[in-house]
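Listed here are the chains, written in short residue letters.
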Amino acid sequence: MNQPLHGLLCVESPSVATAGVQLFADALRGQAVTVTEADWQPPMAGTETDLATVLADARRAEANATAYARLTAAGAELCDVKQAKDALGLERGTFLHAGPPIEWERMSGPLKGALIGAVLFEGLADNAERAEDDLAAGKFAFEPCHHRDAVGPMAGVVSPSMWMYGLRDEVHDAWSWCSLNEGLGKVLRYGAYGPEVIDRLHWMTDVLGPILQQSVRRTGPFDIKAILAQMLQMGDEGHNRNRAGSLMLLRELLPGMITADASSADIAEAVRFSGANEHFFLNLGMPACKLATMAAHGIPGSSLVTTMARNGTDFGIRVSGTSDQWFTGPANTPDGLFLGDYGPDDANPDIGDSAITETGGIGGFAMAAAPAIVKFVGGDVAFALRATQTMYEITHGEHPMFQVPILDFRGTPTGIDVVSVVRTGILPQINTGMAGRVAGTGQVGAGLVTPPAECFPAALAALATATP
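Residues numbered from 1 in each chain as written. Predicted model: local features only at pLDDT ≥ 70, side-chain atom pairs only at ≥ 80, totals over all residues. Heavy atoms only, no water.

*Asks:* Give me the lowdown on the pattern of salt bridges, citing residues and values where you can.
*Replies:* Under the defined criterion, the tally for this structure stands at 17 salt bridges. Among the ionic pairs, D314 bridges to R106, the shortest N-O distance being 2.9 Å. Residue D314 is found in strand 11 (residues 314-319), and its partner R106 is found in the loop between strand 4 (94-97) and helix 6 (109-121); the two are separated by 208 residues along the sequence. One network of salt bridges, with partners in common, ties together E91, E143 and R148. (Salt bridge = Lys/Arg side-chain N within 4 Å of Asp/Glu carboxyl O. Helix = DSSP H or I, 4+ residues; strand = E, 2+ residues; numbered from the N terminus.)

Listed below in C-alpha cells is the structure:
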C-alpha cells in the first residue's frame, strides 16, 4: 500500500475506483485508464458533530433492529367501519387534517377549502363565506390526524360525521383509521367544497358507510397487508396506483355489500361507486402503513423515520427515538403531469398523509413494481427502476412481504434511516397527487416530490441531544 501512485499506473491495464471530485476521474480517463466512479457526496453541511454522536450511540444498532422488526411484523386487518365521532371520539366542532400542526393563517388553499367544506357538511354554517369567517375567528379546533392514530389523503380533513375504515394490528394490539375515498376530480380532500362535493359526502354518510360497515362486520376481517403484498406483484405500488388492490378489496367486500340491509338501488349505487374508483384501496393501504410505523415508534436510540406528512405548507417528519416531536420544513411543489389546462402555476405545494406509504416501504419506494405509474406521475420506466434502487441507500432493510418482481423479487426498501439520509444526501422519493393552489379548485395533476432536506439534520440533532 506504500507503493507510489505512478507504480500503480505502470501495471498493465490498470482499473481505478474513484469517489468525490470529478477532476481525478477525468485525468485518469485522459490517460486511457479504466475508471469506476462511486456515487458519493459529503454529508449534509453542518451535521458532522451530530453524525459522530449518533453513530457512536451504543443503543442505535439494536434499537433500529427492533424498530425494523416491529415495522415489518405489524399486521393490518380491516375489522370495522365507524363514524369518526365513535371511532376517534371526535367532538363536534373539531376537525382533523393532514400533516404536522398548523394554524389557520398559515394554511394552504386546499386545506382551507377542505375545512370550509367540512364545516358546511356538518351543518355548522349556511354558506362558504360564513364558514370561512368562523374558521378564521377560531370558533373550531384543528388537530393532525396522526395525533389520533389516523391518516387522511391530501388535505386529510375529517369531521365527526364522516365514516372511517378501522384497521387492527393484532401483533401489537393497535388500531388505525382513515376516511373513505371520494374518487378523483372535485373532492373535499383536494380542497373542493361545491354543492356536488357536499352532496357526495352526505350520500357516503347516509348510504355507503352503513353498507360497508355491515359488509365488514358480517364477512370480515380482511387481511389488508396480504392484499398489499399481492398488488405489488400485479403492477401497483400502493400510493398513486391502486387498480389491482381496489379490485381485490372489492372482491372481499361484495358478498357483504349485496346482502346488506339496504334498498337494492342503494346497494347498486354503492357497488358502482366503489368499483369505479381506482383509488378505493388507497384509504386502506395508508392505515396499514400507519400501523406498521406506529409499531416502530417510540424506541429510544432508534433513528428510523416513523412519520412523513404534509399539510400543504409544511412537510414534517417524526422519528422513532425522538418521541412525538415534529421536524418541519417548507413543503416542495411536485413536478409531474397536469389535468386539462392546468399547469405548474396552478399547483399547491405537497400535501397529505399519504407519504405514510413511502414511510412503510411502498409507494415511491416501490415504483419499480409499477412502471405504468409514470403515465400518471411523470418520469419514465428507467426512473421508476432507479428510484426504488436508490432508496436502498437510505433504508434499514428489505421488506420480507412486499417484493418487486422485476428486481428478482427483492423486498422493497423499508425503514428510512435519518443517519443514512444525512450521510448520503439522498432524500426519500414520494409520488403524489397535486391539489390546486386556490381553495375550491380540486385536483390539478400528479407528480414526484421529495421532502425539504432540513427536516433530517434537525431530527439528527435531536437524536444527538437525546444520546446518553
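*Asks:* Could you give an account of the packing of helix 6 against helix 8 (residues 195-219), with specific residues and numbers?
*Replies:* Two numbers describe how helix 6 lies on helix 8: the axes approach to 10 Å, and their chain directions differ by 55°. As judged from the angle between their axes, helix 6 and helix 8 are oblique. For the pair helix 6 and helix 8, the crossing hand works out as right-handed. Residue-level inspection shows G117, L120 and F121 of helix 6 in contact with helix 8, the latter providing I198, L201, H202 and T205. Classifying every residue of the contact of helix 6 with helix 8 by side-chain character gives 4 nonpolar, 3 polar and no charged. (Axes fitted to C-alpha atoms, helices over the stretch in contact; angles between N-to-C directions. Parallel < 35°, antiparallel > 145°, perpendicular 65-115°, else oblique. Left-handed = near helix turned anticlockwise from the far one by under 90°. Contact = heavy atoms within 4.5 Å. Nonpolar A, V, L, I, M, F, W, Y, C, P; charged D, E, K, R; others polar.)

*Asks:* Let's hear about the nonpolar core: which residues, and what values?
*Replies:* One recurring pattern in soluble globular proteins is that nonpolar side chains are buried together. Grouped together as the largest cluster of nonpolar side chains are 82 residues, with contacts concentrated most on L78, Y165, L167, I224 and L253. Here this core gets 10 residues from one element, more than from any other, and that element is helix 8. What L78 contacts, discounting residues up to four positions off in sequence, is Y165, G166, L167, V216, P221, F222, I224, L249, L253 and L284. Counting residues in hydrophobic clusters, the runner-up holds 29 residues, among them M308, F365, V419 and A462. (Core = buried A, V, L, I, M, F, W, Y, C linked by side-chain atoms within 4.5 Å. Buried < 20%, exposed > 50% of the residue type's maximum accessible area, 1.4 Å probe, protein only.)

*Asks:* I'd like to hear about the environment of S302, residue by residue, with values.
*Replies:* Relative to the helices and strands, S302 resides in the loop between helix 12 (282-296) and strand 10 (305-311). Apart from the residues lying within four places of it in its own chain, the contact partners of S302 are A63, N64, A67, V319, S320, G321 and L463. Here L304 takes part through its backbone nitrogen, which lies 3.3 Å from a polar atom of the side chain of S302. (Polar contact = N/O pair within 3.5 Å; in protein donor to acceptor, adjacent residues only side chain to side chain.)

*Asks:* An account of the packing of aromatic side chains is requested, with residue identities and associated values reported.
*Replies:* Taken as a whole, this structure holds 4 aromatic pairs when the rule is applied. The lysine or arginine in question, R410, covers the ring of Y392, its NZ or CZ lying 3.6 Å from the ring centre. (Phe/Tyr/Trp six-rings, centres within 6.5 Å; stacked < 30°, edge-to-face > 60°. Lys NZ or Arg CZ within 6 Å of the ring centre and 35° of its normal.)

*Asks:* Lay out the sheet that holds strand 18 (residues 443-449) with the relevant residues and their values.
*Replies:* Strands in a sheet are paired, the pairing made by backbone hydrogen bonds, and the direction either parallel or antiparallel. Taken in spatial order, the 3 strands make up an open sheet running 13-18-17, and their pairing is antiparallel. Single-partner strands in this sheet number two, and they are strand 13 (335-338) and strand 17 (430-435). Going across the sheet, the axis of each strand differs from the next one's by a mean of 25°, ignoring polarity. Note: strand 13 against strand 18, 4 bridges, orientation antiparallel. Counterpart to F338 in the pairing with strand 18 is G445. (Pairing = 2+ DSSP bridges.)

*Asks:* Lay out the pairing of strand 1 (residues 15-19) with the relevant residues and their values.
*Replies:* Sheet topology places strand 1 next to strand 2 (residues 34-38); 5 bridges connect them, and they run parallel. Paired with S15 across the strands is T34, a residue of strand 2. Crossover strand 1 to strand 2 through helix 2 (residues 22-29) is right-handed. (Right-handed = clockwise from strand over helix to strand, strands pointing away.)

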